[in-house]
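Listed below are the residues making up each chain.
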Amino acid sequence: LQMQVEFGDFKDVVHKTGFLTSSDLYKRFVPRDLLDAMRGDAWERLILGEYATHVRQSKHEARVAYMSIVTKWFLYGVTTWRVRLSNAAENPLKEDLLLGVNCDGILLLDPQTREQVGAQHSFSDIYSWVYKHSAFAFVSGTVSKNKYQFETREGKEI
């Protein structure tokens, strides 16, 4: 879809083997953490194959199709910060985490896999929160309160 927006309709004469790999252009269309999963020519075949299926799709239609895909992603709309759990003795979580905030609440994520660790803490369940420049903490739970304290350089931004 990004190719359709940027280059218009697929053309066999132009968009052939080497179009993306000759200048490492394919790297703009592959997430950085996935680049090493395949060789450049394999990425090119995959990207050009998908690109060819979007002929006659306007830029606007391609953008709408893209948004309809990404809005379904688990992490869509989540802003994340690297944190270190400072009250690890009270919580069975890993020390190094990503703390994510979206319109529904707070998520704790594994920094490598970006998978959720523990339950999501909806804003309605967050009893209190506090921050300072080097830390962020919140208390969550309706019946039993769980306290989460984190060391982070972005305490104020969170």
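Residues numbered from 1 in each chain as written. Predicted model: local features only at pLDDT ≥ 70, side-chain atom pairs only at ≥ 80, totals over all residues. Heavy atoms only, no water.

(A) Inspection of the overall build of the chain at higher detail. Counting its secondary structure elements, the chain contains 3 helices and 7 strands. Helices and strands in the chain line up, N terminus first, as α-α-α-β-β-β-β-β-β-β. Expressed along its principal axes, the backbone C-alpha trace of the chain runs to roughly 65 × 30 × 25 Å. A total of 158 residues make up the chain; the buried ones form 37% of that total. The contacts in the chain between residues at least 6 apart in sequence include a share of 38% that link residues at least 24 apart. (Helix = DSSP H or I, 4+ residues; strand = E, 2+ residues; numbered from the N terminus. Buried < 20%, exposed > 50% of the residue type's maximum accessible area, 1.4 Å probe, protein only. Contact = heavy atoms within 4.5 Å.)

(B) Inspection of helix H2 (residues 40-51) at higher detail. Taking 1.5 Å per residue, 12 residues should reach 16 Å; H2 reaches 16 Å between its end C-alpha atoms and fits that length. Among the residues of H2, Gly40, Ala42, Trp43, Glu44, Ile47, Leu48 and Tyr51 are the ones counted as buried. Those residues of H2 hidden inside the fold are in contact with helix H1 (2-7). (Expected span 1.5 Å × (residues − 1).)

(C) Quick peek at the environment of phenylalanine 7. When you line up the elements, phenylalanine 7 lands in helix H1. A relative accessible area of 28% means that phenylalanine 7 is categorised as partly exposed. Residues phenylalanine 7 and tyrosine 51, spaced 44 residues apart in sequence, show a C-alpha to C-alpha distance of 9.9 Å. Those residues in contact with phenylalanine 7 that lie beyond four places of it in its chain are His15, Phe19, Leu25, Phe29 and Tyr51.

(D) Quick peek at the environment of valine 101. Tracing the backbone shows valine 101 in strand E2 (residues 96-101). Look past the residues within four positions of valine 101 in its chain and what remains in contact with it is Gly77, Val78, Thr79, Trp81, Ile106, Phe123 and Ile158.

(E) Quick look at unusual backbone geometry. The backbone of aspartate 24 shows a phi angle near 55 degrees, a positive value even though the residue is not glycine. Mapped onto the elements, aspartate 24 comes out in the loop between H1 and H2. Classification of aspartate 24 as partly exposed rests on a relative accessible area of 38%. The backbone phi angle of arginine 56 is positive, close to 70 degrees, even though this residue is not glycine. The topology assignment puts arginine 56 in the loop between H2 and helix H3 (59-70). A relative accessible area of 74% places arginine 56 in the exposed class.

(F) The side chain of histidine 121, seen in detail. By the secondary structure assignment, histidine 121 is in strand E4 (residues 121-122). Judged by its relative accessible area of 7%, histidine 121 falls in the buried class. At 3.3 Å, the side chain of histidine 121 and the backbone oxygen of alanine 119 are in polar contact. (Polar contact = N/O pair within 3.5 Å; in protein donor to acceptor, adjacent residues only side chain to side chain.)

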